[in-house]
Amino acid sequence: AQRVTQPEKLLSVFKGAPVELKCNYSYSGSPELFWYVQYSRQRLQLLLRHISRESIKGFTADLNKGETSFHLKKPFAQEEDSAMYYCALKASGTYKYIFGTGTRLKVLA
Amino acid sequence: DARVTQTPRHKVTEMGQEVTMRCQPILGHNTVFWYRQTMMQGLELLAYFRNRAPLDDSGMPKDRFSAEMPDATLATLKIQPSEPRDSAVYFCASGLQGEKLFFGSGTQLSVL
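Since the structure is predicted, the reported quantities are computational estimates derived from the model, not experimental observations. (Residues numbered from 1 in each chain as written. Chains lettered and ligands numbered in written order. Predicted model: local features only at pLDDT ≥ 70, side-chain atom pairs only at ≥ 80, totals over all residues. Heavy atoms only, no water.)

Enquirer: Give me the lowdown on the confidence of the model for chain B, citing residues and values where you can.
Expert: Taken as a whole, chain B shows an average pLDDT of 94; of its residues, 99% reach a score of 70 or greater. Mean pLDDT across the elements of chain B ranges from a minimum in strand 6 (residues 53-56) of chain B, with 90, to a maximum in strand 3 (residues 19-24) of chain B, with 98. (pLDDT = per-residue confidence, 0-100. Helix = DSSP H or I, 4+ residues; strand = E, 2+ residues; numbered from the N terminus.)

Shown next as structure tokens:
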């Protein structure tokens, strides 16, 4: 069965500090991994996906198949990064998206 | 700017009452998902459809929940009878061929 684990419910960092939001997955096949973000009073939206290997708003995430992880990183956090972040997995050959429990990021001034 | 539309935005009801939540997916999207958001479980997948056919509803309590797509512009999630533990935010999302999901604003349900 597919599973996505985000071990931290809340992560607080100071502005300018590095950020790492952890995501581990369980899936026997070849997964597609995503990060979705929900800013205050906004809809959940795609932040980035591993197959595009792009950096969005300074965030990057590398798929580590050996550790089955897809951690989200940013070298210098900004106050506007404060939001709820969800890691998601889509099983290959399906349309099924499984989300983790989410991590609330608070960037302190 | 195309958006997924969910109604109602808020619903307060009493235990035992029927609740119906509606979703209008983005025109042309062929996959529709229902998720439930809670603090403890995060985003739980309840059910999803492709081309209006249900593909997986294993996340739904079958005895009280039902999900349907009567046509391509409407998806419904029904709870009958509702219970206090059903209180949560219910999200609908749509996508095209498994590409990124577009989420609605959610329905905040409170069952007293």
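Enquirer: Describe the packing of aromatic side chains, and please don't skip the residues or the numbers.
Expert: Each aromatic ring pair is characterised by the separation of its centres together with the angle its planes make. Counted by the stated rule, this structure contains 13 aromatic pairs over all chains. Seen from their ring centres, Tyr 86 of chain A and Phe 99 of chain A are 6.4 Å apart, and the 80 degrees between their planes marks the pair as edge-to-face. Linking Tyr 86 of chain A in strand 9 (residues 83-90) with Phe 99 of chain A in strand 10 (residues 97-99), this pair joins segments that are 13 residues apart in sequence. An aromatic cluster is built from Phe 34, Tyr 36, Tyr 86, Tyr 97 and Phe 99 of chain A together with Phe 33, Tyr 35, Tyr 48, Phe 91 and Phe 103 of chain B, whose rings are joined through pairwise contacts. (Phe/Tyr/Trp six-rings, centres within 6.5 Å; stacked < 30°, edge-to-face > 60°.)

Enquirer: Could you give an account of the sheet that holds strand 1 (residues 5-7) of chain B, naming the residues involved and the relevant values?
Expert: Residue and element names in this part refer to chain B. Ordered in space as 1-3-8-7, the 4 strands form an open sheet in which the pairing is antiparallel. Looking at strand neighbours, the two that pair on one side only are strand 1 and strand 7 (65-71), the edges of this open sheet. Direction aside, the axes of adjacent strands within the sheet are offset by 20 degrees on average. Bridge analysis of strand 7 against strand 8 (residues 74-79) gives 5 bridges, and the strand direction is antiparallel. Across the sheet, Ala 67 pairs through a bridge with Leu 77, a residue of strand 8. (Pairing = 2+ DSSP bridges. Axes fitted to C-alpha atoms, helices over the stretch in contact; angles between N-to-C directions.)

Enquirer: I'd like a description of the side chain of Asn 30 of chain B, backed by residues and values.
Expert: All names here are of chain B. Examined against the element boundaries, Asn 30 turns out to sit in the loop between strand 3 and strand 4 (31-38). According to the relative accessible area criterion, Asn 30 is buried, its value standing at 14%. Leave out the neighbours within four places in its chain, and Asn 30 touches Phe 49, Arg 50, Asn 51, Gly 95, Leu 96 and Gln 97. (Buried < 20%, exposed > 50% of the residue type's maximum accessible area, 1.4 Å probe, protein only. Contact = heavy atoms within 4.5 Å.)

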